[in-house]
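# Remarks on the overall topology
Letter by letter, the chains look like this.
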Amino acid sequence: MKHTSIRASDDIEITKAWIKGCFQQPNNWNLAIELPTTTSEPPTPRVIGLIGAVRAPEIGYMLNASHWGHGYATEALRAFMPLFFEHFSGHELASHDAANHHVTTADDLNAPRFEYAEALTDTELVASHNVLTKAGFKLHEKREKDFENPVLGWRDTLAYRMYRPDAQRCVF
């Protein structure tokens, strides 16, 4: 976790607090990245990372380092982006109560609409730049010394954006 805002920790309580903090953020929506195991019958999923929005429209992903370089991040990001734009479409979200077979909708379940998703990455993370580009993101801007990394200090950030396919952008 060299390029995140917190240091890696083996302390389960620190990890639980970090996860709880993520869920308390508005516009938070995250999913696990899983691979099926091939050693069990039937195959069972195994979590190798996560992808989502902790502060939408900002999106991000993390994979266990042993799974880097296999195309999993690109595949996950390509699959996630249509879901992101559907989830953050401004339409009412449905809440499903499986125990009672009941579907409810409510105004407080509306997710905002975002016209773009943005991914922020350190300037030295070339592999992540490539993942974003392969998934359809375009470099939007370079932000100088805008991120304080607990390991590396103040860092420059590259902001990549993907606009929703139905976005109406003004061109002057």
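The name given to the protein chain in an unreviewed UniProt entry is N-acetyltransferase domain-containing protein, with Clathrospora elynae as the source organism.

## Here we look at unusual backbone geometry
Following Ala56, the chain continues to Pro57 via a peptide bond in cis, the omega torsion being 15°. In this fold, Pro57 is placed in the loop between β2 (45–55) and β3 (58–63). Residues other than glycine seldom take positive phi values, yet Lys145 does so here, at roughly 45°. For Lys145, the location among the structural elements is in strand β7 (residues 138–149).

## Here we look at the nonpolar core
Grouped together as the largest cluster of nonpolar side chains are 28 residues, with contacts concentrated most on Ile59, Leu77, Met81, Phe84 and Phe137. Only β1 (29–36), β2, β3, α2 (72–87), β6 (116–122), α3 (126–134) and β8 (153–163) provide two or more residues apiece to this core. The element best represented in this core is α2, accounting for seven residues. In contact with Phe84, other than residues within four places in its own chain, are Trp29, Ala53, Ala56, Pro57, Ile59, Phe114, Tyr116 and Ala117.

## Observations concerning the pairing of β3
Of the two faces of β3, the one lined by Ile59, Tyr61 and Leu63 is fully buried and the one lined by Glu58, Gly60 and Met62 carries no buried residue. Bridging between β2 and β3 involves five bridges; their strand directions are antiparallel. When the bridges of β3 are listed, Gly52 appears paired with Gly60. Here β2 folds back onto β3 in antiparallel fashion, the turn holding two residues.

## Observations regarding the packing of aromatic side chains
With the rule as written, the count across this model stands at seven aromatic pairs. Centre to centre, the rings of Phe80 and Phe84 are 6.1 Å apart; their planes meet at 50°, and the pair counts as tilted. Placement of both Phe80 and Phe84 in helix α2 is noted, with a separation of four residues, approximately one turn of the helix. Like Phe80, the residue Phe84 is buried in the burial classification.

## Some thoughts on the confidence of the model for the protein chain
Of all residues in the protein chain, 78% have pLDDT values of 70 or greater, and the mean over the chain is 82. When mean pLDDT is taken per element in the protein chain, α3 scores highest with 97 and strand β5 (residues 102–110) scores lowest with 47. Confidence over residues 94–108 falls short of pLDDT 50; this stretch has 16 contacts with residues more than four positions distant or in other chains.

What counts and what doesn't
- Residues numbered from 1 in each chain as written.
- Predicted model: local features only at pLDDT ≥ 70, side-chain atom pairs only at ≥ 80, totals over all residues.
- Heavy atoms only, no water.
- Helix = DSSP H or I, 4+ residues; strand = E, 2+ residues; numbered from the N terminus.
- Core = buried A, V, L, I, M, F, W, Y, C linked by side-chain atoms within 4.5 Å.
- Buried < 20%, exposed > 50% of the residue type's maximum accessible area, 1.4 Å probe, protein only.
- Contact = heavy atoms within 4.5 Å.
- Pairing = 2+ DSSP bridges.
- Phe/Tyr/Trp six-rings, centres within 6.5 Å; stacked < 30°, edge-to-face > 60°.
- pLDDT = per-residue confidence, 0-100.

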